[in-house]
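Descriptive analysis of the structure
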Amino acid sequence: MSIGTCKLCGANTHLIKAHIIPRSLYGELCDESGRVSKLVSNTPGTYPTRVPIGIYDSTIVCRSCEALFSPWDDYANTFFSRTDGVPIEYNGKVIGYEYPDYNYNKLKLFFISMLWRAHASSQPFFHRVSLGCHEDAIKRMIFNSDPGSPDDFSVVLAKFDHELGAAFQDPYLGRLAGINNYRFYFPMYFASIKVDKRVLTRELTDIMLKPDEPCRVVVR
């Protein structure tokens, strides 16, 4: 551990080695040595690499702040290990899955905290994540364990149906129906997190994370 300023609470204290994306989500990408077998990037000039025990950063948070993330990270690991999704079919083809029973607060806070950790990280893999004027709002949500309304940093999930989806790609700012969002990839899943005051289109609001509704995951 090193002494530094926690980027979440501002305390000058011991900073710990923290994962931006929880190690548990690397799953089968870890080889016998505990290294992630492949991290890929769509940044020109960047090539696939193997990284020890995923990607961590010792410059972000203190132990107390790291503890805030733990229940959300644990829930995300449980959620993405589920195999009980109910298929959604259209013209005889599976276009998504529905999970009637899930915890909106924990899953939404996982994505919000992961977005902030990527923003705060000094690791090159996350260099394209910068929250700007959105950071203060996200920090308040983390401190208050407040997932916000579905329109606050809306999350849309997709699941890959091809083996190439079993890789990590560095997150980047993109557009979804013309609205700014950060795109995060982890084994077989893709998450789009809105960073825009505008509301998503009707088609996307139907599938974004919402309390008291099933979690709907689109197949890509």
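About the cut-offs
- Residues numbered from 1 in each chain as written.
- Predicted model: local features only at pLDDT ≥ 70, side-chain atom pairs only at ≥ 80, totals over all residues.
- Heavy atoms only, no water.
- 1 Å grid on protein atoms, 1.4 Å probe; cavity = no way out; pocket = protein on both sides within 12 Å on 5 of 7 lines; lining within 4 Å.
- Points joined across faces, edges and corners; volume = space filled by probe spheres on them.
- Helix = DSSP H or I, 4+ residues; strand = E, 2+ residues; numbered from the N terminus.
- Nonpolar A, V, L, I, M, F, W, Y, C, P; charged D, E, K, R; others polar.
- Axes fitted to C-alpha atoms, helices over the stretch in contact; angles between N-to-C directions.
- Parallel < 35°, antiparallel > 145°, perpendicular 65-115°, else oblique.
- Left-handed = near helix turned anticlockwise from the far one by under 90°.
- Contact = heavy atoms within 4.5 Å.
- Buried < 20%, exposed > 50% of the residue type's maximum accessible area, 1.4 Å probe, protein only.
- Pairing = 2+ DSSP bridges.
- Expected span 1.5 Å × (residues − 1).
- Polar contact = N/O pair within 3.5 Å; in protein donor to acceptor, adjacent residues only side chain to side chain.

Here we look at empty space enclosed by the protein
What the rule picks out here adds up to one cavity of 30 Å³ or more. Taken as a whole, the largest cavity holds about 30 Å³ of empty space. In this structure, the largest cavity is lined by S154, V156, L176, I179, N181, S192, K194 and L200. If you list the elements that add at least two residues to the lining of the largest cavity, you get strand 12 (179-186) and strand 13 (189-194). Residue classes in the lining of the largest cavity are distributed as four nonpolar, three polar and one charged.

A word on the packing of helix 1 (residues 63-79) against helix 2 (residues 104-120)
Here helix 1 crosses helix 2 at 115°, and the two axes come no closer than 8 Å. Classed by the angle they form, the pair helix 1 and helix 2 counts as roughly perpendicular. As for how helix 1 packs across helix 2, the hand of that crossing is left-handed. Listed contacts from helix 2 to F69, P71, W72, D73, Y75, A76 and F79 of helix 1 are K106, L107, L109, F110, S113, W116 and R117. Its residues placed into classes, the contact of helix 1 with helix 2 shows ten nonpolar, one polar and three charged.

Considering the pairing of strand 12
The buried count for strand 12 comes to seven of eight residues, which makes it a mostly enclosed element. What sits between strand 11 (residues 172-176) and strand 12 in their antiparallel hairpin is a turn of two residues, with A177 showing a positive phi close to 55°. For strand 12 and strand 13, the ladder comprises six bridges, and the chain directions are antiparallel. Each residue of the ladder has a partner; that of Y185, found in strand 13, is F190. Joining the antiparallel neighbours strand 12 and strand 13 is a turn of two residues, in which M188 adopts a positive phi near 70°.

Some thoughts on helix 2
One full turn of an α-helix is made of 3.6 residues, so residues set three or four places apart face in the same direction. End to end, helix 2 covers 24 Å across 17 residues, agreeing with the expected 24 Å (1.5 Å per residue, within 8%). Across the 17 residues that make up helix 2, a large majority, 15, are buried. Where helix 2 begins, one side-chain oxygen reaches toward the backbone nitrogen of N105, 3.1 Å away; that side chain belongs to N103.

It is worth stressing that arrangement in space is one thing and function is another; only the former is reported here.
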